[in-house]
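# Summary of structural features
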Amino acid sequence: MNGNPKRLLFVHHTMTGGTRQMVEAALRGAATEPGVTVTSLRAAQATATDLLEADGYLFATPENLASMSGIMKDFFDRTYYDALGRLDGRPYAAMICAGSDGQGAARQLERIALGWRLQPIAPALVAITHAQTPAEIRRPKQIAAADLHRCEELGATLAAGIALGVF
């Protein structure tokens, strides 16, 4: 590794806390890698400049109505064209907090990443909460320990790969 620290950007949105827990676990994992600086931003605050200054990304969103959250989509809408053609080949990972399957949000993220020519380091990590009723969907989420462990491993893998130049 050269003397310049690598930069990892986490962009996320949460409404009921599930995605926040996933991001916090991934941050714990990424923090184990010296030489990598991690910045975690809410989607509403993240900009194209933040993307351009990073060497890799973790995008995390709840799945709402079989799609990524509107605020996460807004982030991509605001930054997409300013970053287009300028992120080619950079690694990314995605995490989805879903009530049932998370595949709609995962597909959306994958299509956007493909347009930016980002390289996935793993399939989207989906934590399923089984929230199916209006009351369950609105309640604060508690992510299972096994899912949080997977999130932590994903953060560590992404940071290590960036630090070592594997990705």
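Scoring rules and cut-offs
- Residues numbered from 1 in each chain as written.
- Predicted model: local features only at pLDDT ≥ 70, side-chain atom pairs only at ≥ 80, totals over all residues.
- Heavy atoms only, no water.
- Helix = DSSP H or I, 4+ residues; strand = E, 2+ residues; numbered from the N terminus.
- Rg over C-alpha atoms; globule rule 2.2 N^0.38 Å.
- Buried < 20%, exposed > 50% of the residue type's maximum accessible area, 1.4 Å probe, protein only.
- Contact = heavy atoms within 4.5 Å.
- Lys, Arg positive; Asp, Glu negative; His and termini not counted.
- Charge placed at Lys NZ, Arg CZ, Asp CG, Glu CD.
- Core = buried A, V, L, I, M, F, W, Y, C linked by side-chain atoms within 4.5 Å.
- Polar contact = N/O pair within 3.5 Å; in protein donor to acceptor, adjacent residues only side chain to side chain.
- Phe/Tyr/Trp six-rings, centres within 6.5 Å; stacked < 30°, edge-to-face > 60°.
- Salt bridge = Lys/Arg side-chain N within 4 Å of Asp/Glu carboxyl O.

Within the protein one finds six helices and seven strands. Listing every helix and strand of the protein by position from the N terminus yields β-α-β-α-β-β-α-β-α-β-β-α-α. Against the compact-globule benchmark of 15 Å for 167 residues, the protein has a radius of gyration of 15 Å, which places it among compact chains. Within the protein, buried positions represent 48% of all 167 residues. Put simply, 84% of the contacts in the protein that link residues at least 6 apart link residues at least 24 apart. Distance from the positive charge centre (16 side chains) to the negative charge centre (16 side chains) of the protein: 3 Å.

Once that is clear, we can look at unusual backbone geometry. A positive phi angle, near 55 degrees, is found at Leu65, a position not held by glycine. For Leu65, a relative accessible area of 84% translates into the label exposed. In the Ramachandran plot, Ala66 falls in the positive-phi region, its phi being about 65 degrees despite a non-glycine side chain. Looking at the element boundaries, Ala66 is found in the loop between β3 (56-64) and β4 (67-68). The exposure class of Ala66 is exposed, given its relative accessible area of 52%.

The next thing to look at is the nonpolar core. Among the nonpolar cores identified, the biggest contains 28 residues, and Leu51, Tyr57, Phe59, Phe76 and Trp116 are the most heavily contacted of them. Sorting the residues of this core by element identifies β1 (6-12), β3, α3 (70-83), β5 (91-98) and α4 (103-115) as the ones contributing at least two each. When near neighbours in sequence (up to four residues on either side) are disregarded, Leu51 contacts Leu9, Tyr57, Phe59, Phe75, Thr79, Ala83, Leu87, Arg90 and Trp116. Counting residues in each nonpolar core, the second largest holds 24 residues, with Ala25, Val36, Ala93 and Cys151 among its members.

Within the fold, Gln132 resides in the loop between β7 (125-128) and α5 (134-138). For the pair Gln132 and Ala98, spaced 34 residues apart in sequence, the C-alpha separation works out to 10.0 Å. When residues no more than four places from it in sequence are discounted, the contact partners of Gln132 are Gly99, Ser100 and Ile137. Within the local environment of Gln132, its side chain forms a polar contact with the backbone oxygen of Gly99, the two atoms lying 3.0 Å apart.

Tallying each qualifying case throughout the model produces eight aromatic pairs. Ring geometry for Phe59 against Phe75: centres 6.3 Å apart, planes inclined by 40 degrees, an arrangement best described as tilted. Here the residue Phe59 occupies a position in strand β3, and Phe75 occupies one in helix α3, the gap between them amounting to 16 residues. Residue classification places Phe59 among the buried positions, given a relative accessible area of 2%. Ring plane angle 65 degrees and centroid distance 5.2 Å describe the contact between Phe59 and Phe76, whose orientation is recorded as edge-to-face. Residue Phe59 is found in strand β3, and its partner Phe76 is found in helix α3; the two are separated by 17 residues along the sequence.

Turning to the pattern of salt bridges, a few remarks are in order. Within this structure, the stated rule accounts for five salt bridges. For the salt bridge of Glu152 with Arg28, the shortest nitrogen-to-oxygen distance reads 3.7 Å. Taken together, the positions of Glu152 in helix α6 (residues 145-164) and Arg28 in helix α1 (residues 18-30) put the pair 124 residues apart, joining distant regions of the chain. For Arg78, the salt bridge goes to Asp74, with nearest N and O atoms at 2.8 Å. Taken together, the positions of Arg78 and Asp74, both in helix α3 and four residues apart, correspond to about one turn of that helix. By relative accessible area, Asp74 is classed as partly exposed at 33%.

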